[in-house]
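Breakdown of the fold
Here are the chains, one letter per residue:
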Amino acid sequence: MPHWLFKSEPSAWSWDEQVAAGEAGTPWTGVRNHLAKKHLQAMRVGERGFFYHSNDGKAVVGIVAVIREYYPDHTDPSGRFGMVDLKAVEPLPRPVTLDAVKAEPDLADMVLIRNSRLSVQPVTEAEWRAVRRLGGL
DNA sequence: GCCAACGTTGGC
DNA sequence: GCCAACGTTGGC
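A brief report on the enclosed structure follows. (Residues numbered from 1 in each chain as written. Chains lettered and ligands numbered in written order. Predicted model: local features only at pLDDT ≥ 70, side-chain atom pairs only at ≥ 80, totals over all residues. Heavy atoms only, no water.)

The next subject is the overall build of chain A. Scanning chain A from terminus to terminus reveals 5 helices and 6 strands. The helix and strand sequence of chain A, counted from the amino end, reads β-α-β-α-β-β-β-α-α-β-α. Dimensions along the principal axes, computed over C-alpha positions, put chain A at roughly 40 × 30 × 30 Å. Across the 137 residues that make up chain A, the buried fraction comes to 46%. For chain A, the accessible surface area stands at approximately 7,000 Å², while carbon and sulfur atoms represent 51% of it. Of the charged side chains in chain A, 17 are positive and 17 negative, and the gap between their average positions amounts to 4 Å. (Helix = DSSP H or I, 4+ residues; strand = E, 2+ residues; numbered from the N terminus. Buried < 20%, exposed > 50% of the residue type's maximum accessible area, 1.4 Å probe, protein only. Areas by Shrake-Rupley, 256 points an atom, 1.4 Å probe, with all protein chains shown as cover. Lys, Arg positive; Asp, Glu negative; His and termini not counted. Charge placed at Lys NZ, Arg CZ, Asp CG, Glu CD.)

Here the structure, examined in full by the defined rule, presents 7 salt bridges. The salt bridge involving Arg114 is made with Asp109; its shortest N-O contact spans 2.7 Å. We classify Arg114 as exposed; its relative accessible area is 64%. Each of Arg32, Asp73 and Asp76 takes part in salt bridges that share partners, so that together they form one network. (Salt bridge = Lys/Arg side-chain N within 4 Å of Asp/Glu carboxyl O.)

Turning next to the protein's contact with DNA strand B. Residues in contact with DNA strand B, as listed here, are Lys7, Tyr52, Ser54, Asn55, Lys58, Leu98, Lys102, Ser116 and Arg117. When the atoms of DNA strand B within 4 Å of the protein are sorted by group, sugar and phosphate make up 71%. One of the backbone nitrogen or oxygen atoms of Asn55 is found 2.9 Å away from a phosphate oxygen of DNA strand B. A distance of 2.4 Å is found between a phosphate oxygen of DNA strand B and a side-chain nitrogen or oxygen belonging to Lys102. Tallied by class, residues from the surface near DNA strand B come to 2 nonpolar, 3 polar and 4 charged. (Near = heavy atom within 4 Å. Polar contact = N/O pair within 3.5 Å; in protein donor to acceptor, adjacent residues only side chain to side chain. Nonpolar A, V, L, I, M, F, W, Y, C, P; charged D, E, K, R; others polar.)

Here we take up unusual backbone geometry. Phi is positive for Asn55, which is not a glycine, with a value near 60°. You can see Asn55 is positioned in the loop between strand E3 (48-53) and strand E4 (59-72). A relative accessible area of 52% means that Asn55 is categorised as exposed. If you check the backbone angles, Lys58 has positive phi at about 45° while not being a glycine. Note on placement: Lys58 falls in the loop between E3 and E4.

Interpretation note: all reported values are geometric properties and have no functional meaning in isolation.
Set out below in structure tokens:
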């Protein structure tokens, strides 16, 4: 099963807010990049991803699940981009910082390192297991 | 279709 | 606050 990584600045949308949204989840609005869009379109209900705090925090802090597949993003006036709905699944007992990811040789090829500006990223099975382990799961 | 100018992201 | 990386826009 594919895995993903979603980036958000906590000042805009934080893990705590995602948790507070509960089982109903929330739409992941605001993606305006074609590669990120492609990843959103590939997502299926039940797939999981990491929730990453960019800028303020710079750490993987939790795990989310896709609960609704790709549909139009009403916040996009051009109508070209869409979104999925996500819900919080569980926090990482220990957030995995960007520094910790960089310090792990097995994670050197993570998209988070290689293409740091991409806001929705694929995560390989090996990367998924390694980050979970670093996070105490 | 090319590419310079510009805007945004995100680490530092 | 700076700036490198990268994506988008628009003139030609």
